[in-house]
Amino acid sequence: DQQVKQNSPSLSVQEGRISILNCDYTNSMFDYFLWYKKYPAEGPTFLISISSIKDKNEDGRFTVFLNKSAKHLSLHIVPSQPGDSAVYFCAALGGTASKLTFGTGTRLQVTL
Amino acid sequence: DAGVTQSPTHLIKTRGQQVTLRCSPKSGHDTVSWYQQALGQGPQFIFQYYEEEERQRGNFPDRFSGHQFPNYSSELNVNALLLGDSALYLCASSALAGSYGYTFGSGTRLTVV
């Protein structure tokens, strides 16, 4: 039972353009969402998060949008840079659990 | 300031053997969680340790066990290894009293042959 889904396994974007990564969830108990970036041979690195009481959170080039009614969130990266090429994981927390539930990841490639 | 340290980085074991993976949390963190990341998948929660006790457990068999020491470091033990246990094992530390500041280590790549 995949409670957090990232339906696009890969995405290719030109440098300078916007990258949009999507994530859907099914568990209504989730109330905090995080995006992690992962390079090969490294652990996931925290990027940005959003609480369910908000619909947008921005940090520099990264913005996360949350649509609770649709149980959907997205990560916008603008402008995209070659160093952004990595696998991006969406993760969720909720209820009394402090465990992260991850999606399967989206591999972003930013081309020159 | 060292982050989360995991050892070893790579390991090859034979089916049926036992393995122990180690994790030192980030300074100031007292909670350690372990995740298994199979190829092409997202990390899956195994269990979490706080105050030397297992606080939460994911959907993993009893072959997976752990321990947390007084200095907050942790071990993950897997008995009777199966080919399907081949994966990247990630350790994440956090401060229980804090917000959701999880810091991940680089992982241990376990290959079972």
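Scroll up a little and you will see the structure.
Residues numbered from 1 in each chain as written. Chains lettered and ligands numbered in written order. Predicted model: local features only at pLDDT ≥ 70, side-chain atom pairs only at ≥ 80, totals over all residues. Heavy atoms only, no water.

Peer 1: What should I look at first to understand the interface of chain A and chain B in this one?
Peer 2: It is common to report an interface's size as the accessible area lost on association of the parts. Facing the 17 residues of chain A at the interface are 17 residues of chain B. For the chain A and chain B pair, buried surface summed over both sides reaches about 1500 Å², with 58% attributable to carbon and sulfur atoms. Looking only at chain A, the three residues that lose the most surface to chain B are Ser 98, Lys 99 and Phe 102 of chain A, adding up to 31% of its buried area. Between the two partners, chain A and chain B, sit zero salt bridges. Put simply, chain A and chain B have five residue pairs in polar contact (both at pLDDT 80 or more) between them. The set of elements that each furnish at least two residues to the side of chain A that touches chain B consists of β4 (30-38), β9 (86-94) and β10 (97-102) of chain A. (Contact = heavy atoms within 4.5 Å. Buried area = accessible area lost by both parts, 1.4 Å probe. Salt bridge = Lys/Arg side-chain N within 4 Å of Asp/Glu carboxyl O. Polar contact = N/O pair within 3.5 Å; in protein donor to acceptor, adjacent residues only side chain to side chain. Helix = DSSP H or I, 4+ residues; strand = E, 2+ residues; numbered from the N terminus.)

Peer 1: Would you take a moment to explain the packing of aromatic side chains for this structure?
Peer 2: The description of two aromatic rings rests on the distance between their centres and on the angle between their planes. If you walk through the whole model with that rule in mind, you get twelve aromatic pairs over all chains. Look at Phe 102 of chain A and Tyr 35 of chain B: their rings are 5.7 Å apart centre to centre, the planes differ by 90°, and that puts the pair in the edge-to-face class. Pair noted here: Phe 102 of chain A is in strand β10 and Tyr 35 of chain B is in strand β4 (residues 31-37), and the two residues belong to different chains. Phe 102 of chain A sits in the buried class, given a relative accessible area of 2%. Aromatic side chains Phe 102 of chain A and Phe 104 of chain B sit 6.0 Å apart centroid to centroid with 75° between the ring planes, which places their arrangement in the edge-to-face category. Taken as a pair, Phe 102 of chain A in strand β10 and Phe 104 of chain B in strand β10 (residues 103-104) lie in two separate chains rather than in one. Residue Phe 104 of chain B is classed as buried on the basis of its relative accessible area, which comes to 8%. Members of the aromatic cluster, each reached through a chain of ring pairs, are Tyr 36, Phe 46, Phe 89 and Phe 102 of chain A together with Tyr 35, Phe 45 and Phe 104 of chain B. (Phe/Tyr/Trp six-rings, centres within 6.5 Å; stacked < 30°, edge-to-face > 60°. Buried < 20%, exposed > 50% of the residue type's maximum accessible area, 1.4 Å probe, protein only.)

Peer 1: Explain the environment of Thr 9 of chain B here, please?
Peer 2: All names here are of chain B. Position of Thr 9 relative to the elements: it lies in the loop between β1 (5-7) and β2 (10-13). Remark: the alpha-carbon pair of Thr 9 and Phe 60, spanning 51 residues in sequence, is separated by 22 Å. What Thr 9 contacts, discounting residues up to four positions off in sequence, is Gly 107, Thr 108 and Arg 109. Within the local environment of Thr 9, its side chain forms a polar contact with the side chain of His 10, the two groups lying 3.2 Å apart.

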